[in-house]
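Here is how the chains run, residue by residue.
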Amino acid sequence: MSTPPAPEAEVPGLPSLERRRFMHRMLNMTLGFWALAGLGGAGYVAGQYVWPRKEMGTTGGESSISFPFAEMKDKGMVKKLVNGEAVGIFTVDGRLHALSLVCTHLGCLVGFNAEVGEMQCPCHGSRYDINGNVLQGPAPAPLRSYGVRVSGDTVVVG
Amino acid sequence: MAGKTPKARRGFKSESATSVFNLVSLLTGSLYGELDERLDFRTALSRALKKPVPAHVNFWFCFGGVTFLIFLIQMVTGVALLLYYRPTVEQAFASVVHITNNVPFGWLVRGFHHWGANLIMITVMLHALRVFFHGSYKAPRDFNWVVGTLLMFALLLFGFSGYLLPWTELSYWATVVGAEIPSAVPYVGEYLTYFLKGGDQVGQLALTRFFAVHVVILPAGALVLLLLHFLMIRRLGISGPL
């Protein structure tokens, strides 16, 4: 008749157990700290992203430009930057016109065809009249038109 | 905090699972304990965390999960992009530029969405290859292979429709070319292309319907398919070793 070996009693407060509990607690706290820090960071990014901003950012550049009228005589169309946008200035029947050269379809630069008096886009064939109105698609909207006048010997746009 | 009463502990046998639970309860706060008393989340959570995984499961089995993770990222960042994106031909490109350059962390959100869209195609292909070469597509998992294939087509359509939305030269021409592909179908091909483009050429109507497909129709369909995909793999289990 043999007596079974006495089981190793789990004594509460045994040093090894204490150490294990301690390590678990530290691990949990470390993980929890980094999880909270990550959540806080993500919350900051999300808050910054969704909060509406008034300023939309400008394109830069001058809103009004001028150049000597003599420039107009050499070429059919003069190209200038107004508000950071390419603008073409040309004369038809003695009247000055200033139109944005950025096609409203996909943003290619349109060219002035002096023979037929039209703005024509080389990319997808959009055509505009001298006031910027669409003659043929796929352009969805007219070209932006700029005010233009002659002041002495200079042309003022915008 | 939860986890002090003997009743609440019964779901766990190992200390590591308890640690994971303690972490979750730390994050969810004391509310979890109150809910757990009424709904017994702990048992459900312990079953989910202690779901046994076969010993042969290795690195290659993770790509389905990675694909789903990227899908979740795409959902979150996609909703975030919806707050600023404007689906009109006049404003689409400008709004994307605005998101990238002016909105705080907009570059990050759009970058995640852009790269996620690219990476998810790689991970879903690796997932499909793993399933194929393990023969995991065979019965009884054959229906899940079909659902997975439909999901992969959904991802391809996500990519195709999302590509047009920034309304750049590249996206415009990619759509012009891509929309011509269905025209090769006998008899009805021309109608399919016309239906896809919403007209004779890619314009506002094409952008509008690509937008609708990308943000509403495909997500709804993909979520249903994902649910089926996960329910079936949960029911049938991971396939055996090679």
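Here, every reference points to the structure presented above.
For the structure given in this document, a descriptive report is provided here. All figures in this text were calculated on a predicted structure; none of them were measured in a lab. Counting starts from 1 at the beginning of each chain's written sequence and moves along it residue by residue. Note on labels: chains are lettered from A, ligands numbered from 1, in written order. Confidence filtering applies because this is a predicted model: local features only for residues at pLDDT of at least 70, side-chain atom pairs given and counted only at 80 or more, and all residues used for totals across whole chains, interfaces and linings. As a convention, hydrogens and water are excluded, and side-chain values are obtained from all of the structure's heavy atoms.

## Digging into a nonpolar patch on the surface
All names here are of chain B.
Turning to step 1, where the next piece is worked out: Here, patches come from residues exposed beyond 30% relative accessible area and free of salt bridges, joined within 9 Å for like charges and within 5 Å for nonpolar side chains (Val, Leu, Ile, Met, Phe, Trp, Tyr). Areas reported as accessible are Shrake-Rupley estimates using a 1.4 Å probe. Residue values count occlusion only from the protein chains shown. The rule for a salt bridge is simple: a side-chain nitrogen of Lys or Arg has to be within 4 Å of a carboxyl oxygen of Asp or Glu. Taken together, the side chains of Leu-129, Phe-132, Phe-133, Trp-145, Val-146 and Leu-150 present a nonpolar region at the surface, about 590 Å² in accessible area.
Turning to step 2, where the next piece is worked out: Within the element layout of this structure, Leu-150 appears in helix α8 (residues 142-164).
Turning to step 3, where the next piece is worked out: Three exposure classes are used, based on accessible area relative to the maximum for each residue type with a 1.4 Å probe and protein chains only: buried under 20%, partly exposed in between, and exposed over 50%. The class of Leu-150 is partly exposed, set by a relative accessible area of 43%. Under the scheme used here, helices are H or I runs from DSSP no shorter than 4 residues and strands are E runs no shorter than 2 residues, and both carry numbers assigned from the N terminus.

## Focus on the sheet that holds strand β6 (residues 118-120) of chain A
Turning to step 1, where the next piece is worked out: The criterion for strand pairing is that DSSP finds at least two bridges linking the strands in question. If you walk across this open sheet you meet the four strands as β5-β6-β7-β8 (chain A), and the pairing is antiparallel. Two strands close off the open sheet at either side, each with one partner strand: β5 (111-113) and β8 (134-136) of chain A.

## Re the interface of chain A and chain B
Interface size, as often reported, equals the accessible area lost upon joining of the parts.
Turning to step 1, where the next piece is worked out: In this complex, chain A contributes 27 residues to the contact, which on the side of chain B involves 29 residues.
Turning to step 2, where the next piece is worked out: Note on chain A versus chain B: buried area summed over both sides is about 2,100 Å², and carbon and sulfur give 66% of it.
Turning to step 3, where the next piece is worked out: Run the count over chain A and chain B and you get zero salt bridges.
Turning to step 4, where the next piece is worked out: In protein, a polar contact requires one atom able to donate a hydrogen and another able to accept it; more generally it is a pair of N or O atoms within 3.5 Å, and residues adjacent in sequence count only if both atoms are side-chain atoms. Our count for the chain A to chain B interface comes out at four residue pairs in polar contact (both at pLDDT 80 or more). By the convention used here, residues are in contact when the closest approach between their heavy atoms is within 4.5 Å. Put simply, buried area is the surface a 1.4 Å probe can reach on two separate parts but cannot reach once they are joined, added for both.

## Comments concerning the nonpolar core
Turning to step 1, where the next piece is worked out: Residues Tyr-49 of chain A together with Tyr-85, Trp-167, Val-202 and Leu-207 of chain B are the most contacted members of the largest nonpolar core, which totals 22 residues.
Turning to step 2, where the next piece is worked out: The set of elements that each furnish at least two residues to this core consists of α5 (63-82), α6 (92-101), α9 (169-180) and α11 (204-236) of chain B.
Turning to step 3, where the next piece is worked out: When residues in this core are grouped by element, the largest group, four residues, is from α11 of chain B.
Turning to step 4, where the next piece is worked out: Those residues in contact with Tyr-85 of chain B that sit more than four places away from it in its chain are Ala-92, Ser-95, Val-96, Ile-99, Leu-165, Leu-207 and Phe-211 of chain B.
Turning to step 5, where the next piece is worked out: The definition of a nonpolar core used throughout is a set of buried Ala, Val, Leu, Ile, Met, Phe, Trp, Tyr and Cys residues joined through side-chain atoms within 4.5 Å. Membership of the second largest hydrophobic core comes to 16 residues, among which are Phe-90, Cys-108, Met-119 and Tyr-128 of chain A.

## Concerning the sheet that holds strand β2 (residues 77-82) of chain A
Residue and element names in this part refer to chain A.
Turning to step 1, where the next piece is worked out: With antiparallel pairing, three strands are arranged side by side in an open sheet as β2-β3-β4. Strands at the two margins of the open sheet, each flanked by one partner only, are β2 and β4 (95-100). The sheet shows a mean angle of 25 degrees between the axes of neighbouring strands, direction not considered.
Turning to step 2, where the next piece is worked out: Across six bridges, β2 lies against strand β3 (residues 85-92) in antiparallel orientation. Bridging across to β3, Val-78 finds its partner in Ile-89. Axis lines are fitted to C-alpha atoms, over the contacting stretch for helices. Their N-to-C directions set the angle, which ranges from 0 to 180 degrees.

So yeah, pure geometry; function would need other evidence.
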